Amino acid sequence: ILDLLFAMMTDGMRRNLHWLLLAVSIFAVWHYTSRPVQLARSVSSSRITTQRSNIGTRIMRRNAKNTLSLTRRGRQHLAVKSSASSEGIEKGSQIFVAGATGRLGSRIVAELLNSGYKVVAGARNPSKMQSILQEMTSEGKVKREVTQNLKTVQFDIETDSVQTLQGRIAGCAAVISAVGAAESNLLDNSGPARIDGDGAIKIVDAAKGAGVKKFTMISALGTGSKMFTFPAGLLNLFWGVLFQKQKAEKALEASGLDYTIIRPGGMERPQDDFKYTHNLECYSRDSLSGGVVSRRQVAEFVAAAIDNDAAKNSIFEVIAQTPEFAPNRTMADALQAVIKVPGIQG
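Residue numbers here run from 1 along each chain, matching the order of that chain's written sequence. Note on the predicted model: pLDDT of at least 70 is required for a residue's local features to be given, and 80 or more for side-chain atom pairs to be given and counted; whole-chain, interface and lining totals, by contrast, use all residues. Remark: hydrogens and water are excluded; side-chain values derive from all non-hydrogen atoms of the structure.

Caption draft 1: Looking closely at the overall build of the chain. Secondary structure summary: the chain contains ten helices and eight strands in total. Per-residue burial for the chain yields a buried fraction of 51% across its 346 residues. It only takes one pair of heavy atoms within 4.5 Å for two residues to be counted as in contact. Here the analysis covers contacts within the chain between residues at least 6 apart in sequence; of these, 77% occur between residues at least 24 apart. To be clear on the numbers: accessible area is Shrake-Rupley with a 1.4 Å probe, and residue cover counts the displayed protein chains and nothing else. For the chain, the exposed surface amounts to about 16,500 Å²; the carbon and sulfur share of it is 52%. Elements are defined by DSSP. Helices are runs of H or I of four residues or more, strands are runs of E of two residues or more, and each kind is numbered from the N terminus. Three exposure classes are used, based on accessible area relative to the maximum for each residue type with a 1.4 Å probe and protein chains only: buried under 20%, partly exposed in between, and exposed over 50%.

Below is the structure:
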């Protein structure tokens, strides 16, 4: 439908519409991410409310219940799923990261190395990965002694065939896809389709052909039933990027691979030190319409989920909130304490 509408417009109409939508989206994103959106479960419906007066009481009750449950049962799971390690994905295993030179991908590489995994970094420009590694090592973000566990390979999801990508992935136990069209290229109207859609699906096909045991995909908040809600749906102004991410998610779910899909909130404003003032919370699929989280927190969550059966064949939505709304937990514990919004499946 969108393609048909654009085809009917003149070039001047398209330019005017694009800049109008861009201006509206920039203002809305700035307004809704200037401070974290405080979210909590609603007792009577599936709605998530941002009213602080009601949120505090609900969060406190939930935390009290969780604490009592842990005390009585001795750290039993808050979620239904088991926290046992995923079969074959153990420390020392080789993990492939697609989109490794991106702002999120590079942080995922660092977390995996520091957690004891070997990493194969797939990058369009391998030399860029080496520069990033040197910088992260000099800043203390990567332990110097684990840098030898990183291997970088050429990986171009736009030009390489599925067979070529499969050969790059071969020998890895798991794949993490952190690819995404650069939002800085706002005039590239085919970017989301080439990268977030078709490109991500090529990675899924290549991973399946390579026989990997697990696939983790980084998607975005708003993918799914919340696609037309506000403010998450604003991302679709970037040439329908949520539609493309949904295509990739569905392809992964249908692939037969052991998968985890992570939908983070907005990551543009929060910096790495955001984790010291805001704690990550994990929600079930299609729960949230807004919220923010730092790339570093998402990377830590990805590393915690890679060997945890609680993440098997699941979709999670992650945001970060201040301590009065979100308790300080390890990422593994946050994964176990998934918030299931009443009336929403997942």
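Text resumes after the structure shown.
Caption draft 2: Region of the structure containing the packing of aromatic side chains. Two rings from Phe, Tyr or Trp (for Trp, the six-membered ring) form a pair when their centres are within 6.5 Å of each other. A pair whose planes differ by under 30 degrees is stacked, one over 60 is edge-to-face, and the rest are tilted. The final tally for this structure, using the stated rule, is two aromatic pairs. Ring geometry for Phe96 and Phe155: centres 4.7 Å apart, planes at 55°, overall tilted. Residue Phe96 is located in strand β1 (residues 94–98), and its partner Phe155 is located in the loop between β3 (150–154) and α6 (162–169); the two are separated by 59 residues in the primary sequence. Accessibility assignment for this pair places Phe96 and Phe155 in one class, buried. Between Phe301 and Phe316 the ring centres are 6.1 Å apart and the planes differ by 80°, which places this aromatic pair in the edge-to-face class. Taken together, the residues Phe301 in helix α9 (residues 295–305) and Phe316 in strand β8 (residues 314–321) connect sequence positions 15 residues apart.

Caption draft 3: Here's a closer look at the pairing of β1. β1 sits mainly inside the fold: four of its five residues count as buried. Bridge count between β1 and strand β2 (residues 118–123): five bridges; the pairing is parallel. Following the sheet pairing, Ala98 is matched in β2 by Gly122. Of the crossover connections in this fold, the one passing from β1 over helix α4 (residues 103–114) to the parallel β2 is right-handed. The pairing of β1 with strand β4 (residues 174–177) spans four bridges and is parallel. Bridge assignment links Phe96 to a residue of β4, and that residue is Val175. Strands are treated as partners if at least two bridges between them are detected by DSSP. When the strands point away from the viewer and the path from the first strand over the helix to the second turns clockwise, the crossover is right-handed.

Caption draft 4: Representation of helix α5 (residues 126–138) within the structure. An expected span of 1.5 Å times one less than the residue number is assigned to each helix. Compared with an ideal rise of 1.5 Å per residue, which puts 13 residues at 18 Å, α5 spans 19 Å between its outermost C-alpha atoms and is within 8% of the ideal. Taken together, the buried positions of α5 are Met129, Ile132, Leu133, Met136 and Thr137. All buried residues of α5 fall inside an arc of 130° around its axis, so they share one side. Away from its buried face, by an angle of more than 90 degrees, α5 presents the exposed residues Gln134 and Ser138. The secondary structure elements touched by the buried residues of α5 are α4, β2 and β3. Looking one or two residues beyond α5, the residue adopting positive phi is Gly140, at roughly 80°. Here the arc refers to the set of directions running from the helix axis out to each C-beta atom.

Caption draft 5: Structural detail: α9. With ten of eleven residues buried, α9 is to be regarded as a mostly interior element. Inspection of α9 places Arg295, Gln297, Val298, Ala299, Glu300, Phe301, Val302, Ala303, Ala304 and Ala305 among the buried residues, and these make up the whole buried set.

Caption draft 6: Geometry of the sheet that holds strand β7 (residues 279–284). Reading across from one edge, β3-β2-β1-β4-β5-β6-β8-β7 is the order of the eight strands in this open sheet, with mixed pairing throughout. Lying at the two open borders of the sheet, with one neighbouring strand each, are β3 and β7. With direction set aside, neighbouring strand axes in the sheet form an average angle of 20°. In the sheet, β7 pairs with β8 via six bridges, with the strands oriented antiparallel. Counted as the bridge partner of Ser284 is Phe316 from β8. Its contacts with the sheet put α5 on β2 and β3, and the angle it makes with β3 is roughly 155°. Every axis corresponds to a line fitted to the C-alpha atoms, with the helix fit spanning only the stretch in contact, and the corresponding angles, defined between N-to-C directions, vary from 0 to 180 degrees.

Caption draft 7: The nonpolar core, seen in detail. Joining through side-chain atoms within 4.5 Å is the link that ties buried Ala, Val, Leu, Ile, Met, Phe, Trp, Tyr and Cys residues into a set, and such a set is a nonpolar core. Judged by nonpolar contacts, the single largest core of 49 residues is most densely connected at Ile108, Leu112 and Phe301. A per-element tally of this core places α9 first, with seven residues. Sequence-distant contacts of Leu112, that is, excluding residues within four places in its chain, are made with Ile95, Val97, Tyr117, Val119, Ile176 and Ala303. Formed by 33 residues, the second largest nonpolar core is a distinct cluster that contains Ala98, Leu165, Ile203 and Met217.

Caption draft 8: Structural view of empty space enclosed by the protein. In this analysis a 1.4 Å probe is tested at points of a 1 Å grid over the protein atoms alone, and where it fits but cannot get out there is a cavity; an open set with protein on both sides within 12 Å along at least five of seven lines is a pocket; lining residues have an atom within 4 Å of a point. Grid points are joined across faces, edges and corners, and a volume is the space filled by probe spheres set on the points. Per the stated rule, a full pass over the model turns up one cavity of 30 Å³ or more. Roughly 60 Å³ of internal volume is contained in the largest cavity. As for the largest cavity, its lining consists of Ser177, Val179, Asp196, Ala200, Met217, Ile218, Ser219, Lys245, Ala248 and Glu249. For the lining of the largest cavity, the elements supplying multiple residues, two or more each, are α7 (191–210), β5 (214–218) and α8 (241–253). Here the element with the most residues in the lining of the largest cavity is α8; it accounts for three residues. Note that Gly is not counted as nonpolar here; it falls among the polar residues with everything else outside the nonpolar set of Ala, Val, Leu, Ile, Met, Phe, Trp, Tyr, Cys and Pro and the charged set of Asp, Glu, Lys and Arg. Of the residues assigned to the lining of the largest cavity, the class counts are five nonpolar, two polar and three charged.

Treat this as a map of the structure, not an account of what it does.
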